[in-house]
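Remarks on the overall topology
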Amino acid sequence: MKVLVIGSGAREHALCRSLSLDPAVTALHCAPGNAGIAEIAELHQVDILDGAAVSALATRLEADLVVVGPEAPLVAGVADVLREAGIPVFGPSKEAARIEGSKAFAKDVMAHAGVPTARSYVCTNAEEADSALAAFGAPYVVKDDGLAAGKGVVVTDDIEAAKAHAARCERVVIEEYLDGPEVSLFAVTDGETVLPLQPAQDFKRAFDGDAGPNTGGMGAYSPLPWADPALVDEVVRTVLQPTVDEMRRRGTPFVGLLYAGLAITSRGVRVIEFNARFGDPETQVVLARLQTPLAGVLMAAATGHLADLEPLRWSDEAAVTVVVASHNYPGTPRTGDPITGLDEVAAQDASHAYVLHAGTRREGDSVLSAGGRVLSVTATGKDLAEARDRAYTAVGRIHLDGSHHRTDIAAKAAAGA
Ligand code: AMP
Ligand code: GLY
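This text gives an overview of the structure that appears in the document. Every value quoted in this text rests on a predicted model; they were computed, and no experiment measured them. Once a new chain begins, its residue numbering starts again from 1 and follows that chain's sequence as written. Each chain is given a letter, starting from A, and each ligand a number, starting from 1, according to the order in which they appear as written. With the structure being a predicted model, the display of local features is reserved for residues of pLDDT at least 70 and the display and counting of side-chain atom pairs for 80 or more, all residues being used for whole-chain, interface and lining totals. Working from all heavy atoms in the structure, the side-chain values ignore hydrogens and water.

**Re the overall build of the protein chain**
Quick reminder of the rule: Think of it this way: any DSSP run of H or I at least four residues long counts as a helix, any run of E at least two long counts as a strand, and we number them from the N terminus. For a compact globule the rule gives 2.2 Å times the number of residues to the power 0.38, and the radius of gyration it is set against comes from C-alpha atoms. Exposure is judged per residue with a 1.4 Å probe applied to protein chains only, and the accessible area is read against the type maximum: over 50% gives exposed, under 20% gives buried, and values in between give partly exposed. In this description, contact between two residues means that some pair of their heavy atoms is separated by no more than 4.5 Å.
Helix and strand content of the protein chain: 14 helices and 24 strands. Radius of gyration (C-alpha) of the protein chain: 20 Å, near the 22 Å computed for a compact globule of 417 residues. Taken along its principal axes, the extent of the C-alpha atoms in the protein chain is 55 × 45 × 40 Å. Within the span of the protein chain, comprising 417 residues, buried residues form 56% of the whole. Within the protein chain, residue pairs in contact and separated by at least 24 positions form 69% of the contacts whose partners lie at least 6 positions apart.

Here's what the structure looks like:
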């Protein structure tokens, strides 16, 4: 099977890594990719938001399957163009990707599907926003309706900050604050059958102790030893299957990866958000534990055959990933700095840890930072404590001037708290 992966982050590196280990994959391509992906896939330059260009590339490469990683091309309708060209694609249509592209749309789907989520108001002016904020009280949750790379949400006790964020957005969703631990649960779906993956937890805030601004994600771990073993079944029954059914009922079936961001509140599971693609950095830990070869799973979803698939096989090991970010991320990051120590990780830790690149590029013999989240180190171990030790040992070998990473990824869960 010839596979083309679209995207350039650590998520795409993780997808490419799993695909490269799958004996069914005879050729692996990625566009545009990054310095790490270049080591396992052939890279191609393409405007990933241009469906015709992506489709032409897939046709030229005779790709049997295209996997679209990020949300922006999905929301732009790239999967539709591929499907029209008869190319199997893992990733939802433009209409179905609205479940991530518009928070108000996602709320509407949930309301019709009876899916539990925070109560909310959609506001388009300051008056509406003010009365919604007053109705819910602090802590305030204000969400830009559109895509914002994980940075469109402000959760604050400061009413002025809440109002200011609302004023910056054309349309906002203001909602009830959900208290409780967060879980990310991914499901692969062909529009009908829902195949859940293992749950993970990510760390959205920039700094230790969940301080600082929201980011795209600073680390993740899986499994979740503290979670109820019945959680996955419950979320499939109350969230994922009803949502997939509702999307199909609307005539816009969701094919690809449905990501449920959940809060486990004292009153039960609530959806915080849906995404229309694999999450980053949760993908790094979920795929580290998936033993079933990946290409067949994604192909079965793309072609509507998920019901025929054998149950997924999972490793008993735990996985932890730690993101190394550029100076000043999630603000405007400093780029162009050399990254050293990558060879040392490959030489010393290869049996249980590896680097997945995100914002990197190669220049001669050096690898330079080229984005906010630069790379993530993923490690496995017999339990979270061992996986965590191994991840941080490898992170310690890597040097990037001015970079920062969280030191508490999976710390509480590893300690049994
Ligand atoms: P989102 O982009 O919707 O995932 O929001 C980013 C982060 O903001 C989430 O991972 C939560 O940590 C936080 N958040 C979003 N909605 C709520 C809510 N209703 N209550 C509490 N925290 C929230
Ligand atoms: N881990 C958060 C996201 O991918 O949106």
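Now that the structure is up, let's keep going.
**Concerning the sheet that holds strand 6 (residues 120-123)**
Neighbouring strands of a sheet are bound in pairs by backbone hydrogen bonds; such pairs are parallel or else antiparallel. Selection rule: We call two strands paired when DSSP finds no fewer than two bridges between them. Axis lines are fitted through C-alpha atoms, for helices just across the contact stretch, and the angle between N-to-C directions can take any value from 0 to 180 degrees.
Pairing is antiparallel across the open sheet formed by 4 strands, whose spatial order is 6-9-7-8. With partners counted over all chains shown, the strands left at the sheet margins are strand 6 and strand 8 (153-156), one partner each. This sheet shows a mean twist of 20 degrees between the axes of neighbouring strands, independent of strand direction. The pairing of strand 7 (residues 140-144) with strand 9 (residues 172-175) spans 4 bridges and is antiparallel. Bridge pairing links Val142 to Ile174 in strand 9.

**Looking at the side chain of His44**
Applicable threshold: Polar contacts, as used here, are pairs of N or O atoms within 3.5 Å; protein pairs need one atom able to donate a hydrogen and one able to accept it. Residues neighboring in sequence count only if both atoms are side-chain atoms.
Counting through the fold element by element, His44 comes out in the loop between strand 3 (42-43) and helix 2 (51-60). For His44, a relative accessible area of 9% puts it in the buried group. There is a polar contact of 2.9 Å between the side chain of His44 and the side chain of His29. Those residues in contact with His44 that lie beyond four places of it in its chain are His29, Cys30, Ala31, Pro32, Leu57, Arg60 and Leu61.

**Quick word on the site of ligand 2**
The condition is simple: We call a residue near a molecule or strand as soon as one heavy atom of that residue lies within 4 Å of the molecule or strand. Methods summary: accessible areas were calculated by the Shrake-Rupley approach with a probe of 1.4 Å, and residue burial reflects only the protein chains presented. All residues other than Ala, Val, Leu, Ile, Met, Phe, Trp, Tyr, Cys, Pro, Asp, Glu, Lys and Arg, Gly among them, are scored as polar; the first ten of these are nonpolar and the last four charged.
Looking at ligand 2, the residues that line it are Asp202, Lys204, Gly216, Tyr259, Asn275, Arg277, Gly279, Asp280, Pro281 and Glu282. In the environment of ligand 2, a nitrogen atom lies 2.9 Å from a nitrogen or oxygen atom belonging to the backbone of Asp280. In the model, a nitrogen atom of ligand 2 is placed 2.7 Å from a nitrogen or oxygen of the Glu282 side chain. Taking 200 Å² as the accessible area of ligand 2 by itself, protein coverage stands at 91%. Its residues assigned to classes, the shell around ligand 2 shows 2 nonpolar, 3 polar and 5 charged.

**So, the site of ligand 1**
The full set close to ligand 1 counts 14 residues, and Glu175, Leu178, Glu182, Lys204 and Glu273 are the nearest of them. Contacts to ligand 1 include Glu175, whose side-chain N or O atom sits 2.7 Å from a nitrogen atom. A distance of 2.7 Å separates a nitrogen atom of ligand 1 from a polar atom in the backbone of Leu178. Here ligand 1, which alone exposes 470 Å², has 92% of that area covered by the protein.

**Considering the pairing of strand 16 (residues 256-265)**
In terms of burial, strand 16 is largely enclosed, as 9 of its 10 residues are buried. Pairing of strand 10 (residues 182-189) with strand 16, which is carried by 8 bridges, proceeds in the antiparallel orientation. Directly across from Glu182, in strand 16, lies its bridge partner Ala263. One ladder, built from 7 bridges, connects strand 16 with strand 17 (residues 268-275); its direction is antiparallel. Counted as the bridge partner of Tyr259 is Asn275 from strand 17.

**Quick word on the sheet that holds strand 5 (residues 89-90)**
Here 5 strands make up an open sheet; going across it, the order is 3-2-1-4-5 and the pairing parallel. Among the strands making up the open sheet, the edge pair consists of strand 3 and strand 5. Judged from the 6 bridges that link them, strand 1 (residues 2-7) and strand 2 (residues 27-32) form a sheet pairing that is parallel. In the sheet register, Val3 faces strand 2, and the bridge partner there is Leu28.

**A few points about the environment of Ala166**
Position of Ala166 relative to the elements: it lies in helix 8 (residues 159-168). As for Ala166 and Gly217, which are separated by 51 residues in sequence, their C-alpha atoms are 23 Å apart. Among residues more than four places away in sequence, those in contact with Ala166 are Ala129, Val142 and Val172.

**Some thoughts on the nonpolar core**
So the rule is basically this: Put simply, a nonpolar core is a bunch of buried Ala, Val, Leu, Ile, Met, Phe, Trp, Tyr and Cys residues held in one set by side-chain atoms that sit within 4.5 Å of each other.
Ile99 and Leu240 are the most contacted members of the largest nonpolar core, which has 77 residues in total. With 8 residues, helix 9 (residues 231-249) is the single largest residue contributor to this core. Not counting residues up to four positions away in its chain, the partners in contact with Leu240 are Leu185, Ala187, Val194, Val235, Leu258 and Ala260. Core analysis: the next-biggest nonpolar cluster, separate from the first, contains 43 residues, Leu65, Ala302, Leu312 and Leu356 among them.

Just distances and angles here, no functional claims.
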